[in-house]
Amino acid sequence: MRQKGRAKPSDPRLLSDVLDAYRKDDNIFVHVGLSQIKAAFDENPYDFLMKRLRQHFSGIITPGFTPSFRQTGLYHKLYSVPEYGKFSALFLKDATFRTDDPIHSLLAYGNYRFENSYTREAFGRGSSFDQLDRDNILCLSIGTRWPVSSQKHFIEYRNQLPYVEKAIFDGIIYYDKSHHEKITTINYYRKHWFNKYVTLLWNNYKIARQMEKSGVMESWNVGGVMIYAFRMQEMRVFLEEKFKKDPYYLFT
C-alpha cells in the first residue's frame with residue numbers, strides 16, 4: 001500500500017530516453033547516488049539502475065576506492081569493499097574486473113579492460129586513469145547533487161598543480177584467497193596551502209555551471225534524479241584552460 005502523501009513514482013522510460021541519447025557500444029564511467037533513484041522509482045535503486053545500464057552500454061566502470069590502505073597496508077581484490085558510496089560497494093559483486101591499484105582501484109562490468117591494471121603512479125602516465133582520458137570515456141553522474149568525477153584527481157596530478165604532492169605507500173595485495181605479494185603505490189595528497197586545519201573542497205557548483213555553459217557537459221532532471229554527462233578528455237581540456245589563469249580554479 002502506498003504511503004499517504006507519497007509522490008507518484010516516475011516513469012522509468014524517462015531515464016531510458018536519456019540513456020538512449022548515447023551509443024549502445026559506449027563504455028561508461030558512473031558515479032551514482034542511490035537515494036535520489038530510490039525516491040523517484042518504486043524499485044530497488046541498485047537493481048533498477050544496473051538493469052538499464054546493462055541494456056544501454058557495453059561496459060560499466062566505477063570507483064572501487066579503498067583509502068584505508070594508507071593505514072592498513074592491505075588490499076584484497078576480491079574482498080576489499082569500496083569505501084565511497086553504496087553503489088560501488090554493491091557493484092563489487094557484479095564486477096568482472098578490478099584494477100590492482102591498492103587505493104584507487106577501478107571496477108568494471110562487461111568487456112572493458114585496462115592495459116595496465118597496476119602502475120606505481122596511480123594517476124601517472126599509462127595508469128588506468130590515463131587510459132580513461134585517452135579513450136575519452138563517457139562519464140555519467142547519476143543521482144548526485146552535482147557532477148561527480150574522480151577523474152579530476154588525475155587532472156590535478158597530470159598538471160602538477162601547486163597544491164599537489166606525491167606520497168608513497170607500501171603494503172600487501174591479495175589477488176585471490178592465497179596469492180599475494182608486496183606492492184608500492186605513488187599516490188598524492190593536497191597540501192593545506194591556506195590553513196593546515198581546514199580542508200578546502202572543490203567548488204562543484206561553479207565548475208558544473210561553467211562546464212555546461214561551455215558545452216562540455218549536458219544535464220537532465222528525471223523525476224528528481226539529476227543526471228550529468230561529459231567525456232573525460234573534454235573535461236580535462238576545459239579544466240586545463242582554466243588552470244592557465246588560476247591553478248586553484250577547482251576551489252576558487
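In short, a report on the structure. None of these values were measured; they are calculated from a predicted model.

### Regarding the layout of surface pockets
Part 1 of the reasoning: Taken as a whole, the largest pocket encloses approximately 970 Å³ of empty space.
Part 2 of the reasoning: If you trace the largest pocket, you find 36 residues lining it, with Phe65, Tyr84, Val148, His153 and Trp202 closest to the centre.
Part 3 of the reasoning: The set of elements that each furnish at least two residues to the lining of the largest pocket consists of strand S1 (27–32), strand S2 (59–63), helix H5 (86–91), helix H7 (151–158), strand S7 (164–174) and strand S8 (180–190).
Part 4 of the reasoning: Residue classes in the lining of the largest pocket are distributed as 18 nonpolar, 13 polar and five charged.

### A look at H7
An α-helix turns once per 3.6 residues; consequently, residues spaced three or four apart project the same way.
Part 1 of the reasoning: Among the eight residues of H7, seven are classified as buried, and the element is accordingly described as predominantly covered.
Part 2 of the reasoning: When we look at burial in H7, the residues that qualify are Gln151, Lys152, His153, Phe154, Ile155, Glu156 and Tyr157.
Part 3 of the reasoning: Looking at the buried side of H7, the elements it contacts are helix H6 (128–134), S7, S8, helix H8 (204–214) and helix H9 (232–245).
Part 4 of the reasoning: Immediately downstream of H7, the backbone of glutamine 160 shows phi near 45°, a positive value.

### Details of the sheet that holds S2
Part 1 of the reasoning: Spatial strand order, S4-S5-S2-S1-S6-S10-S9: seven strands in an open sheet with mixed pairing. Both outer strands of the open sheet, strand S4 (97–98) and strand S9 (218–222), are each paired with one neighbouring strand and no more.
Part 2 of the reasoning: Of the strand pairs in this sheet, S2 and strand S5 (residues 106–110) are connected by five bridges, and their pairing is antiparallel. If you follow proline 63 over to S5, its bridge partner there is leucine 106.
Part 3 of the reasoning: The sheet contacts of H9 involve S1, strand S6 (138–142) and strand S10 (225–231), and relative to S10 the element is tilted by about 80°.

### Things to note about the nonpolar core
A general feature of soluble globular proteins is that nonpolar side chains tend to end up buried together.
Part 1 of the reasoning: Among the nonpolar cores identified, the biggest contains 39 residues, and Phe29, Ile61, Leu106, Leu132, Met211, Leu239 and Leu250 are the most heavily contacted of them.
Part 2 of the reasoning: Contributions of two or more residues to this core are made by S5, H6, H7, S8, H8, S10 and H9.
Part 3 of the reasoning: Per element, the largest residue contribution to this core is five residues, and it comes from H9.
Part 4 of the reasoning: Core analysis: the next-biggest nonpolar cluster, separate from the first, contains 29 residues, Val32, Ile60, Ile227 and Ala229 among them.

Rules of the game
Residues numbered from 1 in each chain as written. Predicted model: local features only at pLDDT ≥ 70, side-chain atom pairs only at ≥ 80, totals over all residues. Heavy atoms only, no water. 1 Å grid on protein atoms, 1.4 Å probe; cavity = no way out; pocket = protein on both sides within 12 Å on 5 of 7 lines; lining within 4 Å. Points joined across faces, edges and corners; volume = space filled by probe spheres on them. Helix = DSSP H or I, 4+ residues; strand = E, 2+ residues; numbered from the N terminus. Nonpolar A, V, L, I, M, F, W, Y, C, P; charged D, E, K, R; others polar. Buried < 20%, exposed > 50% of the residue type's maximum accessible area, 1.4 Å probe, protein only. Contact = heavy atoms within 4.5 Å. Pairing = 2+ DSSP bridges. Axes fitted to C-alpha atoms, helices over the stretch in contact; angles between N-to-C directions. Core = buried A, V, L, I, M, F, W, Y, C linked by side-chain atoms within 4.5 Å.

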